[in-house]
There are 4 protein chains.
Amino acid sequence: MAGSSYGNIFRITTWGESHGKGIGVVVDGCPAGLPLCEEDIQKYLDRRKPGQSKFTTQRNETDTVEILSGIFEGRTTGTPISMLVWNKDQHSKDYSEIASYYRPGHADLGFDTKYGFRDYRGGGRSSGRETIGRVAGGAIAAKLLEQMGITFFTYSKSIGPVSVNPDRFDASVINDNPLYMPDSTAAAEATAYLEECLKASNSSGGIIECIIKGLPVGLGDPVFEKLDANLAKAILSIGAVKGFEIGDGFDVAKATGLSNNDAFITADGQIHKASNHSGGTLGGMSDGAPIIFRAAVKPTPSIAATQHTVNRDGEDIEINIKGRHDPIIVPRAVVVVESMAAITILDALLSNMTAKLDRIIDFYQK
Amino acid sequence: MAGSSYGNIFRITTWGESHGKGIGVVVDGCPAGLPLCEEDIQKYLDRRKPGQSKFTTQRNETDTVEILSGIFEGRTTGTPISMLVWNKDQHSKDYSEIASYYRPGHADLGFDTKYGFRDYRGGGRSSGRETIGRVAGGAIAAKLLEQMGITFFTYSKSIGPVSVNPDRFDASVINDNPLYMPDSTAAAEATAYLEECLKASNSSGGIIECIIKGLPVGLGDPVFEKLDANLAKAILSIGAVKGFEIGDGFDVAKATGLSNNDAFITADGQIHKASNHSGGTLGGMSDGAPIIFRAAVKPTPSIAATQHTVNRDGEDIEINIKGRHDPIIVPRAVVVVESMAAITILDALLSNMTAKLDRIIDFYQK
Amino acid sequence: MAGSSYGNIFRITTWGESHGKGIGVVVDGCPAGLPLCEEDIQKYLDRRKPGQSKFTTQRNETDTVEILSGIFEGRTTGTPISMLVWNKDQHSKDYSEIASYYRPGHADLGFDTKYGFRDYRGGGRSSGRETIGRVAGGAIAAKLLEQMGITFFTYSKSIGPVSVNPDRFDASVINDNPLYMPDSTAAAEATAYLEECLKASNSSGGIIECIIKGLPVGLGDPVFEKLDANLAKAILSIGAVKGFEIGDGFDVAKATGLSNNDAFITADGQIHKASNHSGGTLGGMSDGAPIIFRAAVKPTPSIAATQHTVNRDGEDIEINIKGRHDPIIVPRAVVVVESMAAITILDALLSNMTAKLDRIIDFYQK
Amino acid sequence: MAGSSYGNIFRITTWGESHGKGIGVVVDGCPAGLPLCEEDIQKYLDRRKPGQSKFTTQRNETDTVEILSGIFEGRTTGTPISMLVWNKDQHSKDYSEIASYYRPGHADLGFDTKYGFRDYRGGGRSSGRETIGRVAGGAIAAKLLEQMGITFFTYSKSIGPVSVNPDRFDASVINDNPLYMPDSTAAAEATAYLEECLKASNSSGGIIECIIKGLPVGLGDPVFEKLDANLAKAILSIGAVKGFEIGDGFDVAKATGLSNNDAFITADGQIHKASNHSGGTLGGMSDGAPIIFRAAVKPTPSIAATQHTVNRDGEDIEINIKGRHDPIIVPRAVVVVESMAAITILDALLSNMTAKLDRIIDFYQK
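Colleague: Give me the overall build of chain A: which residues, what numbers.
Modeller: Looking only at helices and strands, chain A features nine helices and 18 strands. In terms of C-alpha radius of gyration, chain A reaches 22 Å, essentially the compact-globule figure of 21 Å for 366 residues. Viewed in the frame of its principal axes, chain A has a C-alpha envelope of about 65 × 50 × 40 Å. A burial count over chain A gives 67% of its 366 residues as buried. Across chain A, every contact between residues at least 6 apart in sequence was considered, and the portion connecting residues at least 24 apart equals 68%. For chain A, the computed accessible surface area is about 11,300 Å², with 49% contributed by carbon and sulfur atoms.

Colleague: Account for the environment of P178(B), with residues named and values stated.
Modeller: All names here are of chain B. Mapped onto the fold, P178 is located in the loop between β9 (162–163) and α5 (184–199). Classification of P178 as partly exposed rests on a relative accessible area of 40%. Separated by 123 residues in sequence, P178 and F55 have C-alpha atoms that sit 8.5 Å apart.

Colleague: Quick rundown of the state of the cysteines? Include the residues and the values.
Modeller: Per the counting criterion, the structure on display carries zero disulfides over all chains. Here C210(A) stays free of any disulfide, with the sulfur of C30(A) as its closest cysteine sulfur at 20 Å. Free cysteine: C37(C), not disulfide-bonded; nearest cysteine sulfur from C30(C) at 13 Å. Residue C37(C) is classed as partly exposed on the basis of its relative accessible area, which comes to 37%.

Colleague: Summarise a negative patch on the surface; cite the residues concerned and give the values.
Modeller: Residue and element names in this part refer to chain A. Together, D313, E315, D316 and E318 line one region of the surface with negative charge. Relative to the elements of secondary structure, D316 occurs in strand β18 (residues 316–319). Using a relative accessible area of 36% as the deciding quantity, one classes D316 as partly exposed.

Colleague: I'd like to hear about the nonpolar core, residue by residue, with values.
Modeller: F293(A), F293(B), F293(C) and F293(D) are the most contacted members of the largest nonpolar core, which totals 359 residues. Not counting the four nearest positions on each side in its chain, F293(C) is found in contact with I208(C), E209(C), C210(C), I212(C), L231(C), I235(C), F244(C), E245(C), I246(C), V337(C) and A341(C).

Colleague: I'd love a proper account of the pairing of strand β10 (residues 206–213) of chain D, names of residues and values included.
Modeller: Residue and element names in this part refer to chain D. Within β10, seven of the eight residues are buried, which leaves the element mostly enclosed by the surrounding structure. Sheet topology note: the strand β8 (residues 151–159)/β10 ladder contains eight bridges and is antiparallel. Opposite Y155, over in β10, you have E209 as the bridge partner. Bridging between β10 and strand β16 (residues 291–297) involves seven bridges; their strand directions are antiparallel. Within β16, the residue paired with I211 across the bridge is I292.

Colleague: Can you lay out the packing of helix α4 (residues 131–146) of chain A against helix α8 (residues 330–351) of chain A for me, pointing to particular residues and giving the numbers?
Modeller: Describing two packed helices takes the angle between their axes plus the distance from one axis to the other. Residues and elements named next belong to chain A. Contact geometry for α4 and α8: axes closest at 7 Å, N-to-C directions at 50 degrees. Here α8 runs oblique to α4, going by the angle between their axes. Considering the relative orientation of α4 and α8, their crossing is left-handed. Here T131, R134, V135, G137, G138, A141, A142, L144 and L145 of α4 come into contact with α8, specifically with V335, V336, S339, M340, A342, I343, I345, L346 and L349. In the contact of α4 with α8, the residues fall into 13 nonpolar, four polar and one charged.

Colleague: Could you give an account of the relation of the copies chain D and chain B, with specific residues and numbers?
Modeller: Rotating chain D by 180 degrees and translating it 0.0 Å along the rotation axis places it on chain B, where the RMSD comes to 0.0 Å. Taken together, the rotation and translation relating the two chain copies correspond to the operation of a two-fold axis. Residue by residue, 100% of the interface of chain D is reproduced at the interface of chain B, so both copies engage with the same surface.

Colleague: Tell me about the relation of the copies chain B and chain A, residues and numbers included.
Modeller: Once turned by 180 degrees and shifted 0.0 Å along the axis, chain B lies on chain A with an RMSD of 0.0 Å. A shared interface surface links the copies, since 100% of the contact residues of chain B are contact residues in chain A too.

Colleague: Which residues make up the interface of chain B and chain A, and what are the values?
Modeller: For interface size, the figure often reported is the accessible area lost on association. Listed by partner, the interface residues are 105 residues for chain B and 105 residues for chain A. Roughly 8,300 Å² of surface becomes buried between chain B and chain A when both sides are summed, with 64% attributable to carbon and sulfur atoms. In this structure, the connection of chain B to chain A is made through four salt bridges. We note a salt bridge from K114(B) to D221(A), for which the minimum N-O separation is 3.4 Å. Where chain B packs against chain A, one counts 45 residue pairs in polar contact (both at pLDDT 80 or more).

Colleague: Quick one: what's the story with the interface of chain D and chain B, residue by residue and with numbers?
Modeller: Contacts between chain D and chain B engage 26 residues on the former and 26 residues on the latter. Where chain D abuts chain B, roughly 2,600 Å² becomes buried across the two surfaces, and 66% of that area is made up of carbon and sulfur atoms. Together, M353(D), L357(D) and Y364(D) form the three largest contributors to the area buried by chain D at its contact with chain B, with a combined 27%. Connecting chain D to chain B are zero salt bridges. Those elements that place two or more of their residues in the side of chain D that touches chain B are α8 (330–351) and α9 (357–365) of chain D.

Colleague: For the pattern of salt bridges, give the residues involved together with the corresponding values.
Modeller: Residues and elements named next belong to chain A. A complete count under the given rule lists 80 salt bridges over all chains for this structure. A salt bridge links D63 to R129, with the nearest nitrogen and oxygen atoms 3.0 Å apart. With D63 in the loop between α1 (38–46) and β4 (65–67) and R129 in the loop between α3 (108–115) and α4, the pair connects residues that are 66 residues apart, well separated along the chain. Note on D63: relative accessible area 4%, which makes it buried. Overall, R129 belongs to the buried group, its relative accessible area being 7%.

Colleague: Account for the packing of helix α6 (residues 227–236) of chain D against α8(D), with residues named and values stated.
Modeller: Residues and elements named next belong to chain D. Where α6 contacts α8, the axes come no closer than 9 Å and their chain directions differ by 145 degrees. Considering how the two elements wind past one another, α6 and α8 form a crossing that is right-handed. In contact with L227, N230, L231, A234 and I235 of α6, α8 contributes V337, M340, A341, T344, I345 and A348.

Colleague: Before we move on, could you go through the environment of T309(A) and cite the residues and values that matter?
Modeller: By secondary structure assignment, the location of T309(A) is in strand β17 (residues 307–310). The residues contacting T309(A), other than those within four sequence positions of it, are Y101(A), Y102(A), P104(A), E315(A), D316(A), I317(A), I319(A) and F264(B). Of note is the side chain of T309(A), whose polar atom sits 2.5 Å from the backbone oxygen of Y102(A).

Colleague: Lay out the sheet that holds strand β7 (residues 81–86) of chain D with the relevant residues and their values.
Modeller: Residues and elements named next belong to chain D. An order of β1-β2-β3-β7-β4 is seen for the five strands of this open sheet, with the pairing classed as antiparallel. Each end of this open sheet is capped by a strand with a single partner; those strands are β1 (5–6) and β4 (65–67). The pairing of strand β2 (residues 11–16) with strand β3 (residues 22–28) spans six bridges and is classified as antiparallel. Each bridged residue has a counterpart across the sheet, and for T14 the counterpart in β3 is V25. Its contacts with the sheet place helix α1 (residues 38–46) against β4 and β7, and it is angled at close to 150 degrees to β4. Sheet strands touched by helix α4 (residues 131–146): β2, β3 and β7. Its angle to β3, the strand with the most contacts, is close to 35 degrees.

Colleague: Could you give an account of the sheet that holds strand β3 (residues 22–28) of chain C, naming the residues involved and the relevant values?
Modeller: Residues and elements named next belong to chain C. One open sheet accounts for five strands, arranged β1-β2-β3-β7-β4; its pairing is antiparallel. Two strands lie at the open edges of the sheet, namely β1 (5–6) and β4 (65–67), each paired on one side alone. For β1 and strand β2 (residues 11–16), the ladder comprises two bridges, and the chain directions are antiparallel. Looking at the pairing, Y6 lines up with I12 of β2. Strands in contact with helix α4 (residues 131–146) are β2, β3 and β7 (81–86); relative to β3, the strand with the most contacts, it is inclined by about 35 degrees.

Analysis parameters
- Residues numbered from 1 in each chain as written.
- Chains lettered and ligands numbered in written order.
- Predicted model: local features only at pLDDT ≥ 70, side-chain atom pairs only at ≥ 80, totals over all residues.
- Heavy atoms only, no water.
- Helix = DSSP H or I, 4+ residues; strand = E, 2+ residues; numbered from the N terminus.
- Rg over C-alpha atoms; globule rule 2.2 N^0.38 Å.
- Buried < 20%, exposed > 50% of the residue type's maximum accessible area, 1.4 Å probe, protein only.
- Contact = heavy atoms within 4.5 Å.
- Areas by Shrake-Rupley, 256 points an atom, 1.4 Å probe, with all protein chains shown as cover.
- Disulfide = S-S within 2.5 Å.
- Patch = residues over 30% accessible without salt bridge, like charges linked within 9 Å, V, L, I, M, F, W, Y side chains within 5 Å.
- Salt bridge = Lys/Arg side-chain N within 4 Å of Asp/Glu carboxyl O.
- Lys, Arg positive; Asp, Glu negative; His and termini not counted.
- Charge placed at Lys NZ, Arg CZ, Asp CG, Glu CD.
- Core = buried A, V, L, I, M, F, W, Y, C linked by side-chain atoms within 4.5 Å.
- Pairing = 2+ DSSP bridges.
- Axes fitted to C-alpha atoms, helices over the stretch in contact; angles between N-to-C directions.
- Parallel < 35°, antiparallel > 145°, perpendicular 65-115°, else oblique.
- Left-handed = near helix turned anticlockwise from the far one by under 90°.
- Nonpolar A, V, L, I, M, F, W, Y, C, P; charged D, E, K, R; others polar.
- Least-squares fit on C-alpha atoms with pLDDT ≥ 70 in both.
- Buried area = accessible area lost by both parts, 1.4 Å probe.
- Polar contact = N/O pair within 3.5 Å; in protein donor to acceptor, adjacent residues only side chain to side chain.

Below, the structure is given as structure tokens:
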């Protein structure tokens, strides 16, 4: 099936493999009139760039984006925006070894079974580089949403056993550490933990949290197109994500109706919620409170330590995966999570415009 | 947006409100030739029926399904299967009170904001009765999958603080208690806990686990249509679900690559995984191991205890929601989770048939 | 594939066979707040009702519609509108003969090959009764569009060799004859022609024209979702339609740029076109002039005259199809064409709301 | 709306403007294992290349395609195939004049109204160059279909008043004339006619016919996804096409059931049709006979002759559109029609694989 598109009204279609000629995305359905230039995209892409710390791969990838269509005189035209990042080192390595076996924690066996063979160079289509297209698309969605007062704050909430301490939470320090943790102490502890992982040829998982503010009430549809259902799909579609929760998430299992319900109150002449256990959605629609969700990210499956696996001939073997691999996916996935959330929110915002007849009549009478 | 459909090749479209004339579903894209009768559907619907224990509402709803189309001489014809359950007591109650305010934990405010008004009788479209259509559709998907050797086991894993003990896990007792717990001791403890909740006019959350066996390797697409991403959407689209995790789920955050990777091994001339931390998917495709996922279900938001809220005039008020309400959603949601999973798996199974050219050529040469 | 849905934002899903329990449709994505009752639908359905003249089948079908969901206090709620028409005479006839062979001009062979067998009673899913769902959906779309000043005029332009004479065109007489011809003289001639067809156990084709007024400029998308492309699909999806043309249609083949281009002019401070060769669309978007398109409808394939065909055992046979069959499909298809056009136009109107950023910002700031 | 994608299982997404950096397409859902190289695509693109005769623009466009992804070791991998053609002369011309007014027969007014402004350089997104993406996608679909024995023959059936004479029809001469007419005499006459048009600063319309052989019975779905309905959409989505007909098309209006029905007969142990008035589809499904359809193409709207129009300030003006413009669109559109047909047929072929349960079970048991 054509599975490389995401979104309905605002839709991205990504393409490209780790070691092919390049990686790209076509953004279709973007409203006309948004000021947009390559710098807007590059800023976002740089947040997922490798080589920024010792915990991200030292590959020399500049990942410079080129916009090929859809912009005229500095603004989006309503036609598809094609963006491309050339791959720098397509032929830099001998992948024949990886080609011969199935790496634990990777999709190699699935690809071979489903398609008959696979582009094994650097993970091919299932490489983390695939997310470049998502982030380029997300940069546009986020810029558009910003113009409507909708903002995102996404960060590493935990890395291995180290979590951000709510009492030390300081959004302003998030860019002071390469781990994107809004807590300098936790960042230092996580750094120490990751150094241990590296020494042991091992890797670590973690949790990403995303907070979205400024949404109007009522985004999302009541049944299958619930806002949280679409966020869940968007986030689980990111490689290595194994869980999604919104608001109190899995903690609701032990909660009661009295502790979990958010009371509505009136303040400043407007209806608010006194708490936000729901994480900003009720019945699949935004409820006026910030959207708060979390993603569980598994440890990088490519590790240098010895692992058992099977080769294509069905023989049991021991392997050590060579090459430079991040001991942690979380920091680079932060902007990917934000991008997928931005696309999802924008799509819901556009979809919501046709919900009420009087607003539609009003729209066309102007 | 048209948000009442789910699935791509095998697609359900549900309709109906809690107190309208009825609830129904149109199942489109069902392959021709599946033996199907109303009993096949009814068996599934009966698993979500209220009135089976003191913890589910005592409403006299028989929920008898009628098949209106798509079957000829006892088999599906490939044309849409329309199914309908009439609502029994449409006018049984005065809902004018509920109409006047926004219930905490419910979608009332969202509906009013999005659509301008709402069918407030019994929750209208956001009632749990909406799931009748899902379950009727899921029954068909599950029956078809069973013919291909794919089976589901879905159960209440925890209710409030009480969890199924893995050492006592016994699939055969799941229907011996109305809570659908495969552990009689846990069921007894959960029963006691729910009785306390009832006395306190309160309610409880819980966790549902679903285990799917018999899937071929390679179902799901590598990027946005990952099998786990679609399962996440399917499950989060069920009202009251606040979290989804697959395999080790949120525990991966504290895991390492070495502990989390599943080694491939050869046994009986076939490739297997030595463990199943992944929960049956790698890179978005089924990996041959059982799919194992969990859903976090919030406590029933409708409780008899006094709550604070706001009425439609923006005044702060205290309310006590009258009527018979389940103190726990989990047991009745078990079959809904299974139904949404079955539809998702079947859709992936059908979609997967076009992945390889040689199989397509083979198909048409027969 | 799930092929029983049409439309994107405003979407209908039809179900039902000629001799099953009933025929129905689920209309999803209808904006909230439209006053709607069963009479609104019935008025439309009555236009396709058989038994109105000697040229339509004398079956005693009242085709009374029931609305099952989506309406509250007389207005649409934004949730799916399910509508149902019960079939009256499900078991009235012995179809075993038809079951045994492939009727010329019918889909029997296609059904058997594709699905392995077919519901042969009265044509099953490919019966003209399938259009009941389309018309019920179209009635809603047309009512909504009427509130926005968009109107439809659809009529039989030709029947066999008899065409409406433009000089005698009189919209007011369209309902004075059962053929829906806005020209009483042509209607009389067509009546005589059809009587000959009947005597010869034969049938006749014809052409339907649809004129849509009041559209704003810019509906439709410039590439694959062109307004005329979607109209073409909508109209060709009606059984028996073999051609679609817009504006000058096939006559453009012999035209020149000078004769075919419509000059823009200014009148009353607004931009107009001096002519309408384009039929109301340019580059796939509405151009402010009325939409004018035509559908070519083939003669009823079921005729009483002797025909040659093949039975399911592959033997060549001669058949005479029994039963009451309209000698002409055109008059009853007029409202089906209008319905499909209305759904297509409404969908384009809703889709168009997200084209420009400043209008979106404006929408949400109110 | 995201309107730049076409197809469901096999889906193309096109992007690019006439004078932007380039034009491209992403082909998603292509089955894995198809041998494919740039030459396969180039061959198709060359059929729409300008500069091949005096009737196509003399622009120096080589239109060389680059494949950027989705191919590994010479075969498709099942992942998206991104293809790109760079634009050569982006800045070659002053378009400020065209920017100021609305060209008759063009979409300028629609773009300005819908999006607020437009990329006016060379027609922007509504330029004929947009079809490069369609043809690149169609080349892949056609190559895959060829492997299954499905072939296309597409040609100019008429140009202005000159039609191919069925008695002189000779497929082998189609490439001997730049008009793609399979009749050398008609080609010579059409050439003379086009020379007259050119002298008069005028242009001509025409008709394209496409014949598809080798289809299995049963492709297409019985209701909204009829094979002919999707072909109609595909063909009307091509700029300048104003009509579509299949089989006898508009001639059915004057036909009778007896003359229009195709008798089924048995020959060589197989069921055939004795004639092909239907053009290869019955009830929306392929009927085993060749698919035959026609597209009506309007005259090139850009002509050098003086035309009346309105400028952006609403003033009436006279214009002469400068630049090199083809006096006829038809010959270059032949391969575009074939491409859109190939994509539509392939999508129906893939979709059809899930119609029957026993075939599905069979598929997975191998």
